[in-house]
Amino acid sequence: QVQLVESGGGLVQPGGSLRLSCAASGISIWTNIMAWYRQAPGKERELVALIGIGGSANYADSVKGRFTISRDNAKNTVNLQMNSLKPEDTAVYYCNLHSLLSKDYWGQGTQVTVSS
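In every chain, residue numbers begin from 1 and rise along the written sequence. Owing to the predicted nature of the model, reporting of local features is limited to residues with pLDDT of at least 70; listing and counting of side-chain atom pairs is limited to 80 or more, with chain, interface and lining totals taken over all residues. Excluded from the side-chain calculation are hydrogens and water; included are all heavy atoms of the structure.

Let's talk about the packing of aromatic side chains
Test applied: Any two rings among Phe, Tyr and Trp, with Trp reduced to its six-membered ring, count as a pair given centres within 6.5 Å; such a pair is stacked if its planes are under 30 degrees apart, edge-to-face if over 60, and tilted if neither. Consider the ring centre and the ring normal. A charge sits over the ring if Lys NZ or Arg CZ is within 6 Å of that centre and within 35 degrees of that normal.
Tallied over the full model, the rule gives one aromatic pair. Looking at Arg45, its charged tip hangs above the ring of Tyr94, at a distance of 3.8 Å from the centre. The aromatic ring of Trp106 is capped on one face by Arg45, whose charged end is 4.6 Å from the ring centroid.

This is how it looks when you write it as structure tokens:
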């Protein structure tokens, strides 16, 4: 059974930082594309960052230069370092695994709130 468990969300002031982690079980992340999505209230879920099998990363324009996605294949985790956070980054953040068979797995989400 595949499970993705996010952690690291919370309340942070504008300009602050948070580090999200996603621990995978039941599947090895090193053979799959990993990504972080977010969904703000009243908005559709959107792709934040994606990291390929070889380690190449892509980011939404809104987070480029502020967020960094990384993968630790040995620990079977993927991380999202978020710096210079803005109120508009407030959302539930979801970890996603896109398998070689084009099946998607999702975590339960972790809330990130950026507010003074």
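From this point, things continue past the structure.
Considering a nonpolar patch on the surface
Put simply, the rule reads: Residues form patches when they are more than 30% accessible in relative terms and have no salt bridge. Like charges link within 9 Å. Nonpolar side chains (Val, Leu, Ile, Met, Phe, Trp, Tyr) link within 5 Å. Using a 1.4 Å probe, accessible areas were evaluated by the Shrake-Rupley method; residue-level cover was limited to the displayed protein chains. Salt bridges, as used here, are contacts in which a Lys or Arg side-chain nitrogen is within 4 Å of a carboxyl oxygen on Asp or Glu. Where helices and strands are cited, they refer to DSSP runs of H or I of at least four residues and of E of at least two residues respectively, numbered from the N terminus.
Judged by side-chain polarity, Ile33, Ile53 and Leu100 come together as a nonpolar surface patch covering roughly 280 Å² of accessible area. Among the structural elements, Ile53 can be located in the loop between β5 (46-51) and β6 (57-59).

Structural notes on the sheet that holds strand β3 (residues 18-25)
Stated formally: In this analysis, strands are considered paired if DSSP registers two or more bridges between them. To get an axis, fit a line to the C-alpha atoms, keeping to the stretch in contact for a helix; angles then go from 0 to 180 degrees between the N-to-C directions.
Strand order in this open sheet of four strands is β1-β3-β8-β7, and the pairing throughout is antiparallel. A strand with exactly one partner marks an edge of an open sheet, and here the two such strands are β1 (3-7) and β7 (67-72). Averaged over all pairs of adjacent strands, the angle between their axes in this sheet comes to 15 degrees, without regard to strand direction. Pairing analysis gives five bridges linking β1 to β3, with the strands arranged antiparallel. Looking across to β3, one finds that Val5 is bridged to Ala23.

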